[in-house]
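Residues per chain are reported as follows:
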Amino acid sequence: MDEKIKKFCSIRFQSIIKKEFMQIKKDPASLAIALILPVMLVLLLGYAMNTDIKNINLAVWDQSQTKESRELIQVFTRQNDFHLFSYTHSYNEIDYLLDKGDIHTALIIPKDFSKNIKTDTSTVQIIIDGSDPTYAKEALSRSQNLLLNYSTSIQTKMLERNAINEKSLPIKSETNILYNPTMESLNYNIPALIGLVMQEVILILTAFAIVREKEHGTMAQLIVTPIRPLELILGKLVPYIFIGLLSFAFVLIVGIWWFNVSIAGSIYLLIGLSILFLIASLAIGLFISVIANNQLQAMYMAFAVILPSVILSGFVFPRETMPTFIQMLGGLIPLTYFLEILRGIFLKGVSLDILWLQSIVLLTFIVITCIATASRFKKQL
Amino acid sequence: MSEYAIICEGLTKQFGQIIAVNSINLKIKKGTIYGILGPNGSGKSTLIHMLCGVLPQTSGYGSVLGYDIRKDPEKIKQRIGYMSQKFSLYLELTVLENLQFYGEVYGIKKDKLKERIKHLVEITGLSDRLNQRSGTLSGGWKQRLALCCALLHEPDFLILDEPTAGVDPVSRRIFWDIIQSLREKEVTVLVTTHYMDEALICDEIGFIYFGRLLVNGKPNEILKQHHVETLDELFIKLVKQEEASSIFQKGSV
Ligand SMILES: Nc1ncnc2c1ncn2[C@@H]1O[C@H](COP(=O)(O)OP(=O)(O)O)[C@@H](O)[C@H]1O
Ligand SMILES: [Mg+2]
């Protein structure tokens, strides 16, 4: 008799699973939200997260009005590095356009531009709006590159004219960009977005799983039965793993087919480790559900995890540049490891040789959270 | 094995300043139908929660079916049936789904469970409502369902907290017929009620007021002892006495 009470009872465990599925079935609207919302979010945020800077608006004040000056403008706008927004005729005009945000960069070519080229003393002025560092850096590097190339080509021509045939530069570079050769931000952002969205939906879904029963009063009956905390917690976990997986599949399909993000690594590894992450998120949700007294509290706690994780996980900014303490905080969030896994598999095609550490961390998360949840859950009023 | 289903010795529960259950001494023999009476807020539910092993006492000792309520609450839970004052089954599930769920939660095997459900829905008259959503049942029917759930695993001890409050006479009759039929199986029943006719059916009753057990014994003997005709009369008398003495006590502090 005593033995029977101590043992994990699969009938009781299964009864919870069955009941959860029944309740989910009776509330199809919630199920639909759980399945459709992630897809909508990935679609919406996927477009919003496109951080590739296409062309930068440029104003030109061409005081020189010569063949050379027009050639320089050509160089700037030829390959869509800059978009020629307008020609201006004064600093005031340029200031006004910068203030308004119509342009990010202005190119000012002085009167004696072509004359001075011959004596190697020509200068042009470039004004950059530095308020958005990303844009500013991009504008700076593009304009410097273009100017350098243009200078080199002029120099080459002059050397040719002087019958010197030394055309080659002392050092040539051969750059090879790995993993994401076109450097499109979508390839980097969409995998991470999938992780973030899954975490959000799963966490909110399970954060209510137990606290709902407290609030509805049904927990008062359950705690008087012989059900064991672990049977209850795991029984609640299983149905949500299914929903989470289904939802994950939808989101993955959107990422791959709609945004054309390809998986460099093994899809099986991706799915396997995603299940690990799903369970870790579910476990955190259940833990919240156990410590919260009502659904509102659970909601706040879920957000207290979700919002910081957007930044701390390295979803938006690289973690390397964060202060050590903040990095450590980020280390407490499963999403951090899952992002490394997602980016690793999607972009670099790495396998478990590289990702074993992240996988073990996720596994540890699951075990600790489940134990914490089961021991925090008291069969008491 | 002890001959008592319940033993309380100085059992006390305090919520901050409020002493909800105040040093109760009580022994209930196995197979007894014991009725607890007392006005709202007198501590009946609190006492029951402690006996069910879901609310740790502040002080004192309590045992149910020989198990210490503080040390062995899980063993108690395996063997008691409990029906709470507030309906606490799943409103969105049907009658049958609720019964099946609770049957499985008690670890009852499939065939046995089927048989138990069939028997219980027959005696409670729920047979025609098996597929009705529990939330749409009216008061009396909800209570019948809750009673079925509490009896599924054939508990040795049944605890009912105001099972017939706000319930129609027919349902009340069915309830008490079932409770009385449990005598044959030597099931102990602890039931709280506000109805004096129900109290008279009990083998023994106790009256709780402000967390204290004022009277305890067989209904007829209690009437004789206190020289009153009806239980109503007795309880009004007791409440007045207590109020007078509590005013006196407050005055003296
Ligand atoms: N969880 C609680 N916290 C604080 N006070 C409580 C709590 N539960 C019950 N009480 C108080 O204890 C007293 C007894 O309540 P209860 O046992 O529900 O009475 P009854 O069931 O006899 O109506 C009441 O004064 C009630 O307000
Ligand atoms: Mg009560």
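These figures come from a predicted structure and were not determined experimentally.

Participant: Describe in detail the overall build of chain B, supporting the description with residues and values.
Facilitator: The secondary structure content of chain B amounts to nine helices and 10 strands. In summary, chain B has a C-alpha radius of gyration of 19 Å against a globular reference of 18 Å for 253 residues, a match within 12%. Viewed in the frame of its principal axes, chain B has a C-alpha envelope of about 65 × 40 × 35 Å. Here chain B holds 253 residues, and 56% of them are scored as buried. A total of about 11600 Å² of accessible surface is found on chain B, and carbon and sulfur atoms cover 51% of it. Taking the 31 positively charged and 30 negatively charged side chains of chain B as two groups, their mean positions are separated by 3 Å.

Participant: Before we move on, could you go through the sheet that holds strand β5 (residues 67-68) of chain B and cite the residues and values that matter?
Facilitator: Residue and element names in this part refer to chain B. Sheet architecture is open: four strands sit in the order β2-β1-β4-β5, paired in antiparallel fashion. At either margin of the open sheet sits one strand with a lone partner, and together these are β2 (18-29) and β5. The sheet contact formed by strand β1 (residues 4-15) and β2 spans eight bridges and is antiparallel. Each residue of the ladder has a partner; that of Gln-14, found in β2, is Ile-19. The sheet strands contacting helix α1 (residues 44-52) are β1, β2 and β4 (59-64), and the helix crosses β1 at an angle near 120 degrees.

Participant: Tell me about the coordination of the magnesium ion (ligand 2), residues and numbers included.
Facilitator: Residues and elements named next belong to chain B. Distances from the magnesium ion (ligand 2) to its protein donors, Ser-45 (OG) and Gln-85 (OE1), fall within 2.0 to 2.2 Å. Of this pair, Ser-45 sits in helix α1 while Gln-85 is found in the loop between β6 (80-83) and α3 (95-105), placing the two residues 40 residues apart along the sequence. Assessed through its relative accessible area of 41%, Gln-85 is described here as partly exposed.

Participant: Give a detailed account of helix α4 (residues 110-124) of chain B, specifying residues and quantitative values.
Facilitator: Residue and element names in this part refer to chain B. Over its 15 residues, α4 extends 21 Å from the first C-alpha to the last, a length consistent with the 21 Å expected when each residue adds 1.5 Å. Inspection of α4 places Leu-113, Arg-116, Ile-117, Leu-120, Val-121 and Thr-124 among the buried residues, and these make up the whole buried set. Along α4, the residues classed as buried sweep out an arc of 120 degrees about the axis, all on the same side. Counted as exposed and oriented over 90 degrees from the buried face of α4: Asp-111, Lys-114, Glu-115 and Lys-118.

Participant: Which residues make up the interface of chain B and chain A, and what are the values?
Facilitator: Taken residue by residue, the interface counts 30 residues in chain B and 28 residues in chain A. Here chain B meets chain A over a buried area of about 2800 Å², counting both sides, of which 62% is carbon and sulfur. On inspection of chain B and its partner chain A, the count reaches three salt bridges. Among the salt bridges present, the one from B:Glu104 reaches A:Lys18, with a minimum N-O distance of 2.8 Å. Where the side of chain B that touches chain A is concerned, the elements lending two or more residues are α1, α2 (73-79), β6 and α3 of chain B. Of the residues in the side of chain B that touches chain A, the class split is 14 nonpolar, seven polar and nine charged.

Participant: Lay out the environment of B:Gln143 in plain terms, naming residues and giving numbers.
Facilitator: Within the secondary structure, B:Gln143 sits in helix α5 (residues 139-151). Look past the residues within four positions of B:Gln143 in its chain and what remains in contact with it is B:Met83, B:Phe87, B:Glu162, B:Pro163, B:Val167 and B:Phe175.

Participant: I'd like a rundown of the side chain of A:Ser15, residues and numbers included.
Facilitator: Relative to the elements of secondary structure, A:Ser15 occurs in helix α2 (residues 10-25). Residue class for A:Ser15 comes out buried when judged on its relative accessible area of 1%.

Participant: Can you tell me about the site of ligand 1, naming the residues and giving the values?
Facilitator: Residues and elements named next belong to chain B. As a matter of local geometry, ligand 1 sits amid Phe-15, Ala-20, Pro-39, Asn-40, Gly-41, Ser-42, Gly-43, Lys-44, Ser-45 and Thr-46. A distance of 2.5 Å separates an oxygen atom of ligand 1 from a polar atom in the side chain of Thr-46. Burial of ligand 1 by the surrounding chains reaches 60%, relative to a free accessible area of 560 Å². Considering every element that reaches the shell around ligand 1, the biggest residue donor is α1, with three residues. Counted by class, the shell around ligand 1 contains three nonpolar, six polar and one charged residues.

Participant: Explain the confidence of the model for chain B to me, and be specific about the residues and the numbers.
Facilitator: Put simply, chain B has an average pLDDT of 92, and 97% of its residues get 70 or more. Reported for the predicted complex are a pTM of 0.83 and an ipTM of 0.91.

Participant: Help me get a handle on the pairing of strand β10 (residues 212-217) of chain B, residues and values and all.
Facilitator: The side chains of a regular strand alternate between both faces of the sheet. Residue and element names in this part refer to chain B. As paired strands, strand β9 (residues 204-209) and β10 are joined by five bridges and run antiparallel to one another. Opposite Tyr-209, over in β10, you have Arg-212 as the bridge partner. Between the end of β9 and the start of β10, which pair antiparallel, lie two residues, with Phe-210 showing a positive phi angle near 50 degrees.

Participant: Give me the sheet that holds strand β8 (residues 188-192) of chain B: which residues, what numbers.
Facilitator: All names here are of chain B. Strand order in the open sheet formed by six strands is β6-β7-β8-β3-β9-β10, and the pairing between neighbours is mixed. Edge strands, defined here as strands with exactly one partner in the open sheet, are β6 and β10. Taken pair by pair, the neighbouring strands of this sheet meet at an average axis angle of 15 degrees, ignoring direction. Here strand β3 (residues 33-37) pairs with β8 via four bridges, running parallel.

Participant: Go over the UniProt feature "domain: ABC transporter" (unreviewed entry) in chain B with me, naming the residues and quoting the values.
Facilitator: Sites flagged by UniProt as "domain: ABC transporter" (unreviewed entry) map to residues 6-235 of chain B. End-to-end, the C-alpha atoms of residues 6-235 of chain B are 24 Å apart, and along that stretch the chain is 37% helix and 26% strand.

Participant: Tell me about the domain arrangement of chain A, and please be specific about residues and values.
Facilitator: Taken domain by domain, chain A consists of domain 1 (2-50 + 184-376) and domain 2 (56-161). Inter-centroid distance (C-alpha atoms) of domain 1 of chain A to domain 2 of chain A is 51 Å.

Participant: Would you mind going over the side chain of A:Ser281 in detail, with residue names and values included?
Facilitator: All names here are of chain A. By secondary structure assignment, the location of Ser-281 is in helix α12 (residues 267-291). Judged by relative accessible area, Ser-281 falls into the buried class, the value being 2%. In this structure Ser-281 touches Gln-199, Ile-202, Leu-203 and Thr-206, once residues within four positions along its chain are discounted.

Participant: Let's hear about the packing of aromatic side chains: which residues, and what values?
Facilitator: How two aromatic rings sit relative to each other is set out by the distance from centre to centre and by the angle between their planes. All names here are of chain B. In total, this model carries 11 aromatic pairs over all chains according to the counting rule given. Relative to Tyr-102, the ring of Phe-101 lies with its centre 5.1 Å away and its plane at 70 degrees, an arrangement referred to as edge-to-face. Among the residues examined, Phe-101 registers a relative accessible area of 2% and is labelled buried. For Tyr-102, a relative accessible area of 1% corresponds to the buried category. One aromatic cluster in this structure is built from Tyr-90, Phe-101 and Tyr-102.

Participant: Any details on the state of the cysteines? Residues and values, ideally.
Facilitator: Tallied over the entire structure, the rule returns zero disulfides over all chains. Note on A:Cys9: no disulfide assigned, nearest cysteine sulfur contributed by B:Cys149 at a separation of 17 Å. Between B:Cys149, a cysteine without a disulfide, and B:Cys148, which holds the nearest cysteine sulfur, the sulfur-to-sulfur distance is 7.0 Å.

Participant: Lay out the packing of α2(A) against α3(B) in plain terms, naming residues and giving numbers.
Facilitator: Two elements in contact, α2(A) and α3(B), have axes separated by 8 Å at closest approach and are oriented at 155 degrees. Considering their axes alone, α2(A) and α3(B) lie roughly antiparallel with respect to each other. Relative to α3(B), the crossing made by α2(A) is left-handed. Taken together, the residues of α3(B) that come into contact with α2(A) (itself represented by A:Ile11, A:Arg12, A:Ser15, A:Ile16, A:Lys18, A:Lys19 and A:Met22) are B:Glu97, B:Phe101, B:Glu104 and B:Val105.

So, how was this worked out
- Residues numbered from 1 in each chain as written.
- Chains lettered and ligands numbered in written order.
- Predicted model: local features only at pLDDT ≥ 70, side-chain atom pairs only at ≥ 80, totals over all residues.
- Heavy atoms only, no water.
- Helix = DSSP H or I, 4+ residues; strand = E, 2+ residues; numbered from the N terminus.
- Rg over C-alpha atoms; globule rule 2.2 N^0.38 Å.
- Buried < 20%, exposed > 50% of the residue type's maximum accessible area, 1.4 Å probe, protein only.
- Areas by Shrake-Rupley, 256 points an atom, 1.4 Å probe, with all protein chains shown as cover.
- Lys, Arg positive; Asp, Glu negative; His and termini not counted.
- Charge placed at Lys NZ, Arg CZ, Asp CG, Glu CD.
- Pairing = 2+ DSSP bridges.
- Contact = heavy atoms within 4.5 Å.
- Axes fitted to C-alpha atoms, helices over the stretch in contact; angles between N-to-C directions.
- Donors = N, O, S within 2.8 Å, 3.2 Å for Na, K, Ca; no water.
- Expected span 1.5 Å × (residues − 1).
- Arc of directions from axis to C-beta.
- Buried area = accessible area lost by both parts, 1.4 Å probe.
- Salt bridge = Lys/Arg side-chain N within 4 Å of Asp/Glu carboxyl O.
- Nonpolar A, V, L, I, M, F, W, Y, C, P; charged D, E, K, R; others polar.
- Near = heavy atom within 4 Å.
- Polar contact = N/O pair within 3.5 Å; in protein donor to acceptor, adjacent residues only side chain to side chain.
- pLDDT = per-residue confidence, 0-100.
- UniProt positions renumbered as here; feature names shortened; annotations may be inferred.
- Domains from an automatic or database assignment.
- Phe/Tyr/Trp six-rings, centres within 6.5 Å; stacked < 30°, edge-to-face > 60°.
- Disulfide = S-S within 2.5 Å.
- Parallel < 35°, antiparallel > 145°, perpendicular 65-115°, else oblique.
- Left-handed = near helix turned anticlockwise from the far one by under 90°.

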